[in-house]
Amino acid sequence: MVALRPRLVLALALCCAAMPARAEDEGVPYWASIDADVANMRVGPGDSYRISWVYRRPHLPVRVLRREGPWRLIEDPAGDKGWMRDLLLSRQRAAIVTGKGAAEMRAEPKADSHLQWRVEPGVVGLLGECEAGWCQFDADGHKAFAPADRLWGTGNP
């Protein structure tokens, strides 16, 4: 029975050590956006890891997949994954226009509504409410409704 005690203590210690990691991952995945003029993505969760990408796109939407202390494993619109400090991210929702050709921005959330303007793929904007296949989209102060299927950053992460 005495020989079992160290194993039991070790098993309990391992279980307890794993708890914070699971607690840190609660609430992921979620949408976020880059909240800095320059943001580095690293290959690992720490300043000692090499930089894999340098982003110069404030409000670029990202999907947060995992948390590790102050670091977040993110996925960008191109599907690249890496680690970024939480201080460089915002919970403010944003989106990027995708697809081929210009997306039509409408005055109201319906296809026959007045055309406000057209926006090219790659344009980043702040995301408002989405409903019935349309999302409020604010590209540098120009606000209208965009078809949700032309935006990356909508729906469930």
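Whatever comes next refers back to the structure up there.
Nothing here was measured: the structure is a model prediction, and the numbers come from that model.

**Student:** Tell me what's going on with the nonpolar core, and back it up with residues and numbers.
**Tutor:** Ile-34, Tyr-55, Ile-74, Met-84 and Leu-89 are the most contacted members of the largest nonpolar core, which has 16 residues in total. Mapped onto this core, the elements with two or more residues apiece are β1 (30-34), β2 (39-42) and β4 (61-68). Per-element accounting of this core gives the leading share, 4 residues, to β1. Not counting residues within four places of it along the chain, the set of residues in contact with Ile-34 comprises Ala-39, Tyr-55, Arg-57, Pro-58, His-59, Leu-60, Val-62, Met-84, Leu-88 and Leu-89. Residues Val-97, Met-105, Ala-146 and Ala-148 belong to the second largest nonpolar core, which totals 13 residues.

**Student:** Report on the packing of aromatic side chains, specifying residues and quantitative values.
**Tutor:** Following the criterion strictly, the structure yields 1 aromatic pair and no others. The aromatic ring of Trp-71 is capped on one face by Arg-85, whose charged end is 5.9 Å from the ring centroid. Directly above the aromatic system of Tyr-30 lies the positively charged group of Arg-91, at a separation of 3.6 Å from the ring centroid.

**Student:** Quick rundown of the state of the cysteines? Include the residues and the values.
**Tutor:** Tallied over the entire structure, the rule returns 1 disulfide. What pairs with Cys-130 in a disulfide is Cys-135, and their sulfur atoms sit 2.0 Å apart. Residues Cys-130 and Cys-135 share a disulfide whose torsion about the S-S bond is about 115°; that sign makes it right-handed.

**Student:** Lay out the side chain of Ser-90 in plain terms, naming residues and giving numbers.
**Tutor:** Topologically, Ser-90 is positioned in strand β7 (residues 89-90). The class of Ser-90 is buried, set by a relative accessible area of 17%. At 2.9 Å, the side chain of Ser-90 and the backbone nitrogen of Gln-92 are in polar contact.

**Student:** Outline the pattern of salt bridges, listing residues and values.
**Tutor:** Throughout the structure, instances matching the rule amount to 8 salt bridges. The salt bridge involving Glu-104 is made with Arg-106; its shortest N-O contact spans 2.5 Å. A relative accessible area of 31% means that Glu-104 is categorised as partly exposed. A salt bridge links Glu-108 to Lys-110; the shortest N-O distance between them is 3.6 Å. Through salt bridges that share partners, Arg-72, Arg-85 and Asp-86 make up one connected network.

**Student:** I'd love a proper account of the side chain of Thr-154, names of residues and values included.
**Tutor:** Residue position: Thr-154 is located in the segment after β14 (151-152). Apart from residues no more than four positions distant in its own chain, Thr-154 is found in contact with Trp-31, Arg-93, Leu-127, Cys-130, Cys-135 and Ala-148.

**Student:** Let's hear about unusual backbone geometry: which residues, and what values?
**Tutor:** For residues besides glycine, phi is generally negative; the peptide bonds are generally trans as well. With an omega of 5°, the peptide bond between Val-28 and Pro-29 qualifies as cis. With respect to the helices and strands, Pro-29 occurs in the loop between α1 (4-24) and β1. For Ala-132, which is not glycine, the phi torsion reads 55° and is therefore positive. Of note, Ala-132 is situated in the loop between β11 (124-131) and β12 (134-139). A relative accessible area of 74% means that Ala-132 is categorised as exposed.

What counts as what
- Each residue is numbered by its place in its chain's sequence as written, counting from 1.
- Only residues with pLDDT of 70 or above have their local features reported here, since the model is predicted, and side-chain atom pairs are shown and tallied only from 80 upward, although totals for entire chains, interfaces and linings are computed over all residues.
- Where side-chain values are given, they derive from all heavy atoms of the structure, hydrogens and water being excluded.
- Residues belong to one nonpolar core when they are buried, are Ala, Val, Leu, Ile, Met, Phe, Trp, Tyr or Cys, and are joined through side-chain atoms within 4.5 Å.
- Type-normalised accessible area, obtained with a 1.4 Å probe on protein chains alone, sets the label of each residue: buried when under 20%, exposed when over 50%, and partly exposed for intermediate values.
- Segments assigned H or I by DSSP are reported as helices when at least four residues long, segments assigned E as strands when at least two residues long, and all are numbered from the N terminus.
- Contacts were defined at the residue level, with two residues in contact if any of their heavy atoms lie within 4.5 Å.
- Geometry of aromatic contacts follows a simple scheme: Phe, Tyr and Trp rings, the Trp one being its six-membered ring, pair when their centres are within 6.5 Å, and the pair is stacked under 30 degrees between planes, edge-to-face over 60, tilted otherwise.
- Consider the ring centre and the ring normal. A charge sits over the ring if Lys NZ or Arg CZ is within 6 Å of that centre and within 35 degrees of that normal.
- Count a disulfide wherever a pair of cysteine sulfur atoms falls within 2.5 Å.
- By the criterion applied in these results, polar contacts are pairs of N or O atoms within 3.5 Å in which, for protein atoms, one can donate a hydrogen and the other can accept it, and in which residues neighboring in sequence qualify only through two side-chain atoms.
- Any Lys or Arg side-chain nitrogen located within 4 Å of an Asp or Glu carboxyl oxygen qualifies as a salt bridge.

Bear in mind that shape data such as this cannot, by itself, settle questions of function.
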